[in-house]
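Structure assessment
Below are the chains, spelled out letter by letter.
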Amino acid sequence: MNSAPRTPYLVTVGETLAALSASQPGPLSLGADLRLGLAGAESNVAVGVSRLGGRAVWIGRVSEDALGDLVLRELRAEGVTVLAVRDPAPTSLMLKERRTAGHHRTRYYRTRTAGAGLSPEDIPEDVVAGAAVLHLTGITPALGDGPAKAVTRAVDIAADAGVTLSLDINFRSLLWGEEEARNALLPLLRRCDLVFASPHEARLAVPGTDDPVELARGIRDLGPSGAVIKLGAEGAFALLDGQPHRQPAIPVRVHDSVGAGDAFAAGYLAELLAGEPPEQRLRTAALLGAFAVSTAGDWEGLPRRSELALLDHHDDNVR
């Protein structure tokens, strides 16, 4: 294990998967060229924060296999502090099929894998308690009882230490149903300071409306002081400490929308760590989302801080 970095830093807890992605459209059943990479909402955020000069710690279980070695090598190369328990179980796999040029299908293979073995004992109390931000997603509790308890353990530590709690609802229908997700995530959401959600995800907590303003207010009324509703090509609406903010999307040509939400959260949280005001947090969040959708991979195209101005002048259009 690496030692934890000095404060302020972000901690996140979750699973990183090996990702096999088809390079060309067409059915996988006929054979396809596949690119090997990594994916995982929490590690995507950690990489995004690190690339912007922030300090990020990723906590999880990593297989002893070659793919686990790849996870460790890539995250460490990105400047992320990795606190990982090695596990003899295999690495989870995500298979991404480009069935047509505009239609992607994803399959998960994450049963009895290293990430599913995450437990409360894997959460280092001193590291979580010393963080400025603990960022979680709704994916980790969906992996099983152990990961759900690990998340609760991390939240308990952070809450006792006064650490800012951030949650991206990040609902995955391939992992659980809406009712199960709602029952599991509402108690977590009520304890958080900041919540990110798409309108569909926000409706898990605030049913009966599609309006982003009402969704943000509904989330705030449950306890969080900050709610950010991600609206894709329409940007985002945020209610932060009672003040409304609208952030337009950055117009770019869309290449791959996977990872955009994680990139958005990373941009916001990196600026939060840096002490920037809400307007700057949302602007950088939108920039990182634009970089994510205009490049291949979940995190590979995310910018360094010196590159943020690349999208200030362009002729691309949102698709």
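Report follows, based on the coordinates. Nothing here was measured: the structure is a model prediction, and the numbers come from that model.

**Describing the nonpolar core**
Membership of the largest hydrophobic core comes to 48 residues, with the highest contact counts inside it found for V49, F196, V228, Y268 and L269. The set of elements that each furnish at least two residues to this core consists of α1 (41-51), β4 (56-63), α2 (66-77), β5 (81-87), β10 (194-197), β12 (236-240), α8 (260-273) and α9 (278-293). Dropping the residues within four chain positions of it, L269 is found in contact with L10, V45, V133, H135, S166, L194 and F196.

**A short note on the packing of α1 against α8**
At a closest axis distance of 8 Å, the pairing of α1 and α8 adopts a crossing angle of 45°. Compared by their axis directions, α1 and α8 come out oblique. For the crossing formed where α1 meets α8, the hand is right-handed. Where α1 abuts α8, its residues A41, N44, V45, G48 and V49 lie against D262, A265, A266, L269, A270 and L273. When its residues are assigned to classes, the contact of α1 with α8 shows eight nonpolar, two polar and one charged.

**Comments concerning unusual backbone geometry**
We note that R112 has phi near 55°; this positive angle belongs to a residue other than glycine. Summarising the element assignment, R112 is placed in the loop between β7 (103-109) and α3 (125-129). Although it is not a glycine, D241 adopts a positive phi angle of roughly 55°. Looking at the secondary structure, you find D241 in the loop between β12 and β13 (243-247). The class for D241 is exposed, based on a relative accessible area of 65%.

**Here's the deal with the sheet that holds strand β8 (residues 133-137)**
An order of β5-β4-β1-β8-β9-β10-β11-β12-β13 is seen for the nine strands of this open sheet, with the pairing classed as mixed. Looking at strand neighbours, the two that pair on one side only are β5 and β13, the edges of this open sheet. The mean angle between the axes of side-by-side strands here comes to 15°, regardless of whether they run parallel or antiparallel. Where strand β1 (residues 10-13) meets β8, three bridges bridge the pair, whose relative direction is parallel. Of the residues in β8, the one forming a bridge with T12 is H135. Against the sheet, α2 makes contact with β4 and β5, and its axis sits at roughly 170° relative to β5, the strand it touches most.

**Observations regarding the pattern of salt bridges**
In the structure shown here, the tally under the stated rule is 19 salt bridges. Between R51 and E78 there is a salt bridge, with its nearest N and O atoms 2.9 Å apart. Placement of the pair is R51 in helix α1 and E78 in the loop between α2 and β5, with a sequence separation of 27 residues. Each member of the pair, R51 as well as E78, carries the same accessibility label: buried.

**Considerations on the pairing of β8**
Counting buried residues along β8, five of its five residues qualify, which places the element largely inside the surrounding structure. Neither face of β8 is exposed, since V133, H135 and T137 on one face and L134 and L136 on the opposite face are all buried. The pairing of β8 with strand β9 (residues 164-168) spans five bridges and is parallel. Bridge pairing in β9 links L136 to L167. Handedness of the β-α-β unit built from β8, helix α4 (residues 145-161) and β9 comes out right-handed.

**Notes on the sheet that holds β7**
Overall, mixed pairing links the four strands, which are arranged β3-β2-β6-β7 in an open sheet. Sheet topology places β3 (34-39) and β7 at the edges, where each strand pairs with a single neighbour. Neighbouring strand axes in the sheet, compared pairwise and without regard to direction, differ in orientation by 25° on average. Bridge analysis of strand β2 (residues 17-22) against β3 gives six bridges, and the strand direction is antiparallel. Following the sheet pairing, A22 is matched in β3 by L34. With respect to the sheet, α2 is in contact with β2 and β3, its orientation differing from that of β3 by roughly 60°.

**Regarding the side chain of N44**
Within the secondary structure, N44 sits in helix α1. Accessibility expressed as a relative area gives 2% for N44, which makes it buried. In contact with N44, other than residues within four places in its own chain, are A39, D262, D298, W299 and L302.

Cut-offs applied
Residues numbered from 1 in each chain as written. Predicted model: local features only at pLDDT ≥ 70, side-chain atom pairs only at ≥ 80, totals over all residues. Heavy atoms only, no water. Core = buried A, V, L, I, M, F, W, Y, C linked by side-chain atoms within 4.5 Å. Buried < 20%, exposed > 50% of the residue type's maximum accessible area, 1.4 Å probe, protein only. Helix = DSSP H or I, 4+ residues; strand = E, 2+ residues; numbered from the N terminus. Contact = heavy atoms within 4.5 Å. Axes fitted to C-alpha atoms, helices over the stretch in contact; angles between N-to-C directions. Parallel < 35°, antiparallel > 145°, perpendicular 65-115°, else oblique. Left-handed = near helix turned anticlockwise from the far one by under 90°. Nonpolar A, V, L, I, M, F, W, Y, C, P; charged D, E, K, R; others polar. Pairing = 2+ DSSP bridges. Salt bridge = Lys/Arg side-chain N within 4 Å of Asp/Glu carboxyl O. Right-handed = clockwise from strand over helix to strand, strands pointing away.

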